[in-house]
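# Descriptive structure summary
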Amino acid sequence: MNLTSSHPFWSVNNGLPENYPSLQRDVACDAVVIGGGITGALVAVHLVEAEVKTLLIDKRDIGTGSTSASTALLQYEIDVPLRELIQKVGLTAATRSYQLCRESIGKLERLATRLKINCGFERKPSLFLARHKSEIPDLREEFQLRQKMGIELEFFDAPAILKRFPFSRPAALFSKDGGQVDPHRLTHGLLAAGQRAGLEVCDRTEMMRMEQTRRGVRITTMHGFQITAHRAVIAAGFESKNLLRGAAGTLKSTYALISEPLPRISGWHQRCLIWDSGSPYLYMRTTTEGRVIVGGEDVDFVNAKRRDALMSQKTRTLVKKFGRLFPDVPLEVAYAWAGTFGETKDGLAYIGVHPRFPHAYFALGYGGNGITFSLIAAELIRDSLLGRTNRDAHLFRFNR
Ligand SMILES: Cc1cc2nc3c(=O)[nH]c(=O)nc-3n(C[C@H](O)[C@H](O)[C@H](O)COP(=O)(O)OP(=O)(O)OC[C@H]3O[C@@H](n4cnc5c(N)ncnc54)[C@H](O)[C@@H]3O)c2cc1C
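Remember, predicted model here, so these are calculated numbers, not experimental data. (Residues numbered from 1 in each chain as written. Predicted model: local features only at pLDDT ≥ 70, side-chain atom pairs only at ≥ 80, totals over all residues.)

## So, the overall build of the protein chain
- For the protein chain, the count of helices and strands is 11 helices and 19 strands.
- Its C-alpha atoms give the protein chain a radius of gyration of 21 Å, near enough to 21 Å, the size a compact globule of 400 residues would have.
- Taken over the C-alpha atoms alone, the protein chain extends approximately 65 × 45 × 40 Å along its principal axes.
- Counting the 400 residues in the protein chain, one finds 51% classified as buried.
- Counting only contacts in the protein chain whose residues sit at least 6 apart along the sequence, the fraction spanning at least 24 positions is 75%. (Helix = DSSP H or I, 4+ residues; strand = E, 2+ residues; numbered from the N terminus. Rg over C-alpha atoms; globule rule 2.2 N^0.38 Å. Buried ≥ 20, exposed ≤ 12 C-beta atoms within 10 Å, placed from the backbone. Contact = placed C-beta atoms within 7 Å.)

Next comes the structure, spelled out in structure tokens:
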């Protein structure tokens, strides 16, 4: 699958921070992680820190799948609003899912700090903008539900928005908890830390076949070598659908751009993360270098040729929409790219064992905040592999 167009910003900007060999021998280990994006890296670090002998392989260069295209807003708010999620999965499961996403932002921050990973992690508040007056009652209900579960947020009416931003919108939710990161540097930093703790990393090594054996899995690589392991973790992103014979969610394409660094960005309150209630939604953030990232304009197909043919048009639209919100910010596009992403019906990830693969865990961080799900996956899979009970595992299981 072609996961991204040719120039996603992070991998162009960072180059190849590290080289890894391809696997050229048979290996036996406790766990093999398939996929070296942000999900596989988080899972692998959690496993080696728990002293599980782990090998990670990736068919591409590390971090050059969806992770290199991610705009990497770290949000506790999933694509499905809390009030809708309650209707889909019930109050307890919905509030717990929101809570876990919220906690995972702090956990990512602490992990990056503890492992001394220079990845531009910053705490940022998050602004969710209503587009129309008719959305105000729903937004008020959403505000109350989130407040009730202990989330720190404010309800902004139109004057409150105008006081802080150069645009007018009928209402917004301003949440304290959010963050942003360079996902490519975070991935490489995690793997470097993992290697120091005994992790083996091989890229340009494709898994061609996975067999379930009596005691685990046997994986055959593209070079004909075999990996035997007690457990496999499939962190293969949207390409996991090849194994599942169909995606666990719906795959789409989405567009993003990053500006040249700006000397100043005026009128952007606390340089918060911004997203809106559109479908597809428009979203934006800044970076440590003073760049602006804008994304959205999703389309309902993944065909790479069709997707990339629309890039100039989608980029122009994103620039125009940004200009309507921030008319005084002279945004000049440095890079624009497109990528595949996935959605699930309830907005939650699929994490856990799939009925067809009893010795393999899947870690599929679908949705607009896949990275917070990656952290949740790392914890759930580590716990399960160590035989620890984790009361949250059922929230993300297949066939829920
Ligand atoms: C434009 C865009 C914007 C996004 N914005 C955000 C955002 O703001 N916030 C957020 O949280 N999320 C965002 N996402 C989603 C986020 O990027 C993904 O959830 C995340 O990157 C998934 O990481 P991953 O490691 O699971 O997948 P990937 O990064 O795709 O990693 C999977 C890896 O598995 C490897 N692989 C696949 N099959 C095999 C095989 N058979 N053998 C060996 N290796 C294999 C691939 O080569 C790949 O490197 C965005 C996505 C896109 C495209």
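Once the structure has been displayed, the description carries forward.
## Some points on the sheet that holds strand β6 (residues 153–157)
- Read from one edge of the open sheet, eight strands run β6-β7-β5-β14-β15-β16-β13-β17, paired in mixed fashion. Looking at the sheet topology across the chains shown, the edges are occupied by β6 and β17 (333–343). Along the sheet, successive strands turn relative to each other by an average axial angle of 20°, direction set aside.
- Pairing geometry for strand β13 (residues 250–259) and β17, over 10 bridges, is antiparallel. Paired with Leu251 across the bridge in β17 is Gly342. (Pairing = 2+ DSSP bridges. Axes fitted to C-alpha atoms, helices over the stretch in contact; angles between N-to-C directions.)

## Some words on the packing of helix α3 (residues 82–89) against helix α4 (residues 91–114)
- In the contact formed by α3 and α4, the axes pass within 7 Å of each other and the chain directions differ by 135°. As far as their axial angle goes, α4 and α3 are oblique. Crossing handedness for the pair α3 and α4: right-handed. Contacts between α3 and α4 pair Leu82, Leu85, Ile86 and Val89 from the former with Leu91, Ala93, Ala94, Ser97 and Tyr98 from the latter. (Parallel < 35°, antiparallel > 145°, perpendicular 65-115°, else oblique. Left-handed = near helix turned anticlockwise from the far one by under 90°.)

## Some words on the domain arrangement of the protein chain
- The domains assigned to the protein chain are domain 1 (9–69 + 184–248 + 347–396) and domain 2 (122–178 + 251–343).
- Computed from C-alpha atoms alone, the centre-to-centre distance between domain 1 and domain 2 is 30 Å.
- Listed as interface residues are eight residues of domain 1 and, on the opposing side, nine residues of domain 2.
- For the side of domain 1 that touches domain 2, the residue count by class is six nonpolar, two polar and no charged. (Domains from an automatic or database assignment. Nonpolar A, V, L, I, M, F, W, Y, C, P; charged D, E, K, R; others polar.)

## A closer look at the sheet that holds strand β4 (residues 122–123)
- Spatially, β3-β8-β4 is the arrangement adopted by the three strands of the open sheet, whose pairing is antiparallel. In the strand order of this sheet, the two ends are held by β3 (73–75) and β4, each with one partner.
- Taken together, the two bridges between β4 and strand β8 (residues 178–180) define a ladder with antiparallel strand orientation. Residue pairing for β8: Glu122 is matched across the bridge by Gln180.

## Regarding the site of the ligand
- Neighbouring the ligand are 38 residues, the closest being Gly37, Gly65, Gly237, Gly339 and Gly370.
- Mapped onto the shell around the ligand, the elements with two or more residues apiece are α2 (38–49), β13, β17 and α11 (370–385).
- Along the lines of polarity and charge, the residues of the shell around the ligand split into 13 nonpolar, 20 polar and five charged.
- Split by domain, the residues of the shell around the ligand number at least three in each of domain 1 (9–69 + 184–248 + 347–396) and domain 2 (122–178 + 251–343). (Near = placed C-beta within 6 Å.)

## Section: the nonpolar core
- One finds Val43, Val233 and Ala363 to be the most contacted residues of the largest nonpolar core, which totals 118 residues.
- Sorting elements by how many residues they give to this core places α11 first, with nine residues.
- Looking at which domains feed residues into this core, each of domain 1 (9–69 + 184–248 + 347–396) and domain 2 (122–178 + 251–343) supplies at least three. (Core = buried A, V, L, I, M, F, W, Y, C linked by C-beta atoms within 7 Å.)

## Details of the packing of α4 against α11
- Relative to each other, α4 and α11 sit at 85°, their axes nearing to 9 Å. With respect to α11, the element α4 is oriented roughly perpendicular. For the pair formed by α4 and α11, the contact residues are Leu100, Cys101, Ser104, Ile105, Lys107 and Leu108 on the first element and Thr372, Leu375 and Ile376 on the second.

## Considering helix α10 (residues 311–325)
- In this model, α10 (15 residues) spans 21 Å end to end at C-alpha, consistent with the 21 Å of a helix rising 1.5 Å per residue.
- Against β13, β15 (283–286), β16 (292–299) and β17 lie the buried residues of α10. (Expected span 1.5 Å × (residues − 1).)

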